[in-house]
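Here is what each chain is made of, one letter per residue.
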Amino acid sequence: METITVRYATLEDANLIAELSRKTFYDSFAADNTKENMDKFMNEIFTQENLVAEVGAQGNIFLLALCDDDAAGYVRMRESEIPKELNTAEAIEIARIYAVQNAIGKGIGCALMQKCIDVALEMNKEIIWLGVWEKNQRAIGFYTRWGFEKFGEHEFILGNDVQTDWLMKKYL
């Protein structure tokens, strides 16, 4: 039986987080997008350098999931501008939540989501929210099972492709 642990990531984990970010994003979306749009996004926005800089940056919380001792997933939570639909609620965003391909279905996502909720509660947040690509039915199903509901939409630009993300929230 594999042991899953979730811990706060530190500055020493920045390169690992950046590598996980790039790998899991590419694995999740490359099949459903053009090579040109994926390359543009990965080389201009989702660079190793940009991702490393996020770790430890003001308002960011990174969590790292380990399966036994191997990095299996991560979360980026952030306190940022909240969508107008949430008014002035005390809210925190799950900006990214990903598991590596070979760990999907092993409970990594559940362990990470539970830790996100625990962190949000410790911070006295009323709402936890996220954006998810409208075509990512697997993720939408996962969030729905966790009690998230759609409350809006916003644009996400992948390369030159303007996509629609659903905004989903959960009351804590």
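Notes on the structure follow. Just so you know, these numbers come straight off a predicted model, no measurement behind them. (Residues numbered from 1 in each chain as written. Predicted model: local features only at pLDDT ≥ 70, side-chain atom pairs only at ≥ 80, totals over all residues. Heavy atoms only, no water.)

This part takes up the environment of phenylalanine 29. Position of phenylalanine 29 among the secondary structure elements: in helix H1 (residues 14–29). Note on phenylalanine 29: relative accessible area 9%, which makes it buried. (Helix = DSSP H or I, 4+ residues; strand = E, 2+ residues; numbered from the N terminus. Buried < 20%, exposed > 50% of the residue type's maximum accessible area, 1.4 Å probe, protein only.)

A few words now on the pairing of strand S3 (residues 70–78). Across eight bridges, the pairing between strand S2 (residues 60–67) and S3 is antiparallel. In the sheet register, cysteine 67 faces S3, and the bridge partner there is aspartate 70. The sheet contact formed by S3 and strand S4 (residues 91–99) spans six bridges and is antiparallel. Opposite tyrosine 74, over in S4, you have tyrosine 98 as the bridge partner. (Pairing = 2+ DSSP bridges.)

Looking now at the packing of aromatic side chains. Following the criterion strictly, the structure yields 12 aromatic pairs and no others. Summarising the aromatic geometry, the rings of phenylalanine 29 and tryptophan 133 are spaced 5.9 Å apart at their centres and angled 70° between planes, so their arrangement reads as edge-to-face. Of this pair, phenylalanine 29 sits in helix H1 while tryptophan 133 sits in strand S5 (residues 127–133); the two residues are 104 residues apart in sequence, bridging distant segments of the chain. The pair formed by phenylalanine 29 and tryptophan 133 is uniform in burial state, with each residue classed as buried. Put simply, the rings of Phe25, Phe29, Phe41, Phe46, Tyr74, Tyr98, Trp133 and Phe156 pair up and form one aromatic cluster. (Phe/Tyr/Trp six-rings, centres within 6.5 Å; stacked < 30°, edge-to-face > 60°.)

With that out of the way, let us pick up the sheet that holds S4. A sheet is described by the order of its strands in space; here seven strands give the open sequence S1-S2-S3-S4-S5-S7-S6, paired in mixed fashion. Edge positions in the sheet fall to strand S1 (4–8) and strand S6 (149–158), since each has one partner strand and no second. On average, adjacent strands in this sheet sit at an angle of 30° to one another, irrespective of strand direction. Of the pairings in the sheet, the one linking S4 to S5 comprises four bridges and is parallel in character. Within S5, the position partnered with alanine 91 by the bridge is isoleucine 127. (Axes fitted to C-alpha atoms, helices over the stretch in contact; angles between N-to-C directions.)

Here the focus is the nonpolar core. Formed by 51 residues in total, the largest nonpolar core has its most connected members in Phe25, Met77, Ile94, Met113, Tyr143 and Phe148. Listed by contribution, the elements that provide at least two residues to this core are H1, helix H2 (35–44), S2, S3, S4, helix H4 (108–122), S5 and helix H5 (137–145). Leave out the neighbours within four places in its chain, and phenylalanine 25 touches Ala30, Met38, Phe41, Met42, Phe46, Tyr98, Phe156 and Leu158. Counting residues in each nonpolar core, the second largest holds seven residues, with Ala89, Ala91, Ile127 and Leu167 among its members. (Core = buried A, V, L, I, M, F, W, Y, C linked by side-chain atoms within 4.5 Å. Contact = heavy atoms within 4.5 Å.)

Moving on to the environment of alanine 103. With respect to the helices and strands, alanine 103 occurs in the loop between S4 and H4. Using a relative accessible area of 4% as the deciding quantity, one classes alanine 103 as buried. Put simply, alanine 103 and serine 80 are 23 residues apart on the chain and 29 Å apart in space, counted from C-alpha to C-alpha. With near-sequence residues (within four places) excluded, alanine 103 lies in contact with Ala72 and Ile108.

Here we come to the pattern of salt bridges. According to the stated counting rule, one finds 10 salt bridges in the structure shown. A salt bridge links aspartate 13 to arginine 7; the shortest N-O distance between them is 2.7 Å. By relative accessible area, which is 8% here, aspartate 13 ends up buried. A salt bridge links lysine 125 to glutamate 90; the shortest N-O distance between them is 3.5 Å. With lysine 125 in the loop between H4 and S5 and glutamate 90 in the loop between S3 and S4, the pair connects residues that are 35 residues apart, well separated along the chain. Classification of glutamate 90 as partly exposed rests on a relative accessible area of 39%. Salt bridges sharing partners connect three or more residues here, namely Glu54, Arg76 and Arg96. (Salt bridge = Lys/Arg side-chain N within 4 Å of Asp/Glu carboxyl O.)

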